[in-house]
Amino acid sequence: MSSIDPPRPDARSAPAGQTHALDVRVYYEDTDAGGVVYYANYLKYMERGRTEWLRALGVDQSEVAREFGRVFMVVSMEIKYLRPARLDDLLTVRSEVTRMGRASLNFAQQIYCNGELLTQGTVQIGCVDAMALRPAAMPAQVRTKLAVTIQE
């Protein structure tokens, strides 16, 4: 790690069927001239939350691409901005899988600051063939790891 690399975010995993939490600090680069987080950066925070959720389950996306030729892509997203985050805030991104299909995952995600809900959204992720970029079934090894998080 170089001296200018930011520290690794604090990823906390939860028991099966519960929410995964990731703490993210708001840096100057995340804000507009008024010190308020630029709206598109919430999408980045949510992406980090989903990525760290997968990592906590033992799913390495680079390895999945290399070994199985599968990648995950955002298919759709709905987001609501309720309150602004500001410079230096410590945010908590909560991610929970609400549905798993053969080639897709649906997430509910929220971003909090000091327990106050700032942003919430739903995201559909598709598993696609890395070369053709067409829908493809998730590898069985990945599905097994993800299945433990789904509340039946």
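This is a predicted model, so every value here is computed, not measured. (Residues numbered from 1 in each chain as written. Predicted model: local features only at pLDDT ≥ 70, side-chain atom pairs only at ≥ 80, totals over all residues. Heavy atoms only, no water.)

Brief notes about the overall build of the chain
Helix and strand counts for the chain come out as 3 helices and 6 strands. Going from N to C terminus, the chain has its helices and strands arranged as β-β-α-α-β-β-β-β-α. The buried share of the chain, reckoned over its 152 residues, is 36%. Excluding contacts between residues fewer than 6 apart, the proportion of contacts in the chain whose partners are at least 24 apart in sequence is 66%. Total accessible area on the chain stands at roughly 8,900 Å², and carbon and sulfur atoms take up 50% of it. (Helix = DSSP H or I, 4+ residues; strand = E, 2+ residues; numbered from the N terminus. Buried < 20%, exposed > 50% of the residue type's maximum accessible area, 1.4 Å probe, protein only. Contact = heavy atoms within 4.5 Å. Areas by Shrake-Rupley, 256 points an atom, 1.4 Å probe, with all protein chains shown as cover.)

Describing the nonpolar core
Counting 15 residues, the largest nonpolar core has Trp 53, Phe 72, Leu 105, Phe 107, Met 138, Val 142 and Leu 146 as the members making the most contacts within it. It is strand 6 (residues 116-129) that contributes the most residues to this core, 3 residues altogether. Grouped together as the second largest cluster of nonpolar side chains are 13 residues, Val 26, Ala 85, Leu 91 and Val 93 included. (Core = buried A, V, L, I, M, F, W, Y, C linked by side-chain atoms within 4.5 Å.)

Quick word on the confidence of the model for the chain
Caution applies to low-pLDDT parts of the model: their predicted coordinates are not meant to be read in detail. Residues at a pLDDT of 70 or more form 87% of the chain, whose mean pLDDT is 88. Highest mean pLDDT in the chain belongs to strand 6 (98); lowest belongs to strand 1 (residues 10-12) (46). Segment residues 1-16: pLDDT under 50, and 23 contacts once partners within four positions in sequence are set aside and those in other chains are kept. (pLDDT = per-residue confidence, 0-100.)

Focus: the pattern of salt bridges
Applying the stated criterion to the full structure yields 4 salt bridges. Of the charged contacts in the structure, one is a salt bridge between Glu 52 and Arg 55, with a shortest N-O distance of 3.3 Å. Of this pair, Glu 52 and Arg 55 are both found in helix 1 (residues 41-56), 3 residues apart, which corresponds to roughly one turn of the helix. With a shortest N-O distance of 3.6 Å, Arg 70 and Asp 129 are connected by a salt bridge. Within this pair, whereas Arg 70 is found in strand 3 (residues 70-81), its partner Asp 129 is found in strand 6, the two being separated by 59 residues in sequence. (Salt bridge = Lys/Arg side-chain N within 4 Å of Asp/Glu carboxyl O.)

Structural notes on the side chain of Thr 92
Positionally, Thr 92 belongs in strand 4 (residues 90-100). For Thr 92, the side chain forms a polar contact with the side chain of Asp 23, separated by 2.9 Å. (Polar contact = N/O pair within 3.5 Å; in protein donor to acceptor, adjacent residues only side chain to side chain.)

Quick notes on the environment of Arg 48
Counting through the fold element by element, Arg 48 comes out in helix 1. With a relative accessible area of 36%, Arg 48 lands in the partly exposed category. With 25 residues separating them in the primary sequence, Arg 48 and Asp 23 have C-alpha atoms 9.8 Å apart. Setting aside residues no more than four positions away along its own chain, Arg 48 makes contact with Leu 22 and Val 24.

Remarks on unusual backbone geometry
A positive phi angle, near 75°, is found at Asp 88, a position not held by glycine. Here Asp 88 is to be found in the loop between strand 3 and strand 4. A relative accessible area of 52% places Asp 88 in the exposed class. In the Ramachandran plot, Leu 133 falls in the positive-phi region, its phi being about 55° despite a non-glycine side chain. Residue placement: Leu 133 occurs in the loop between strand 6 and helix 3 (140-147).

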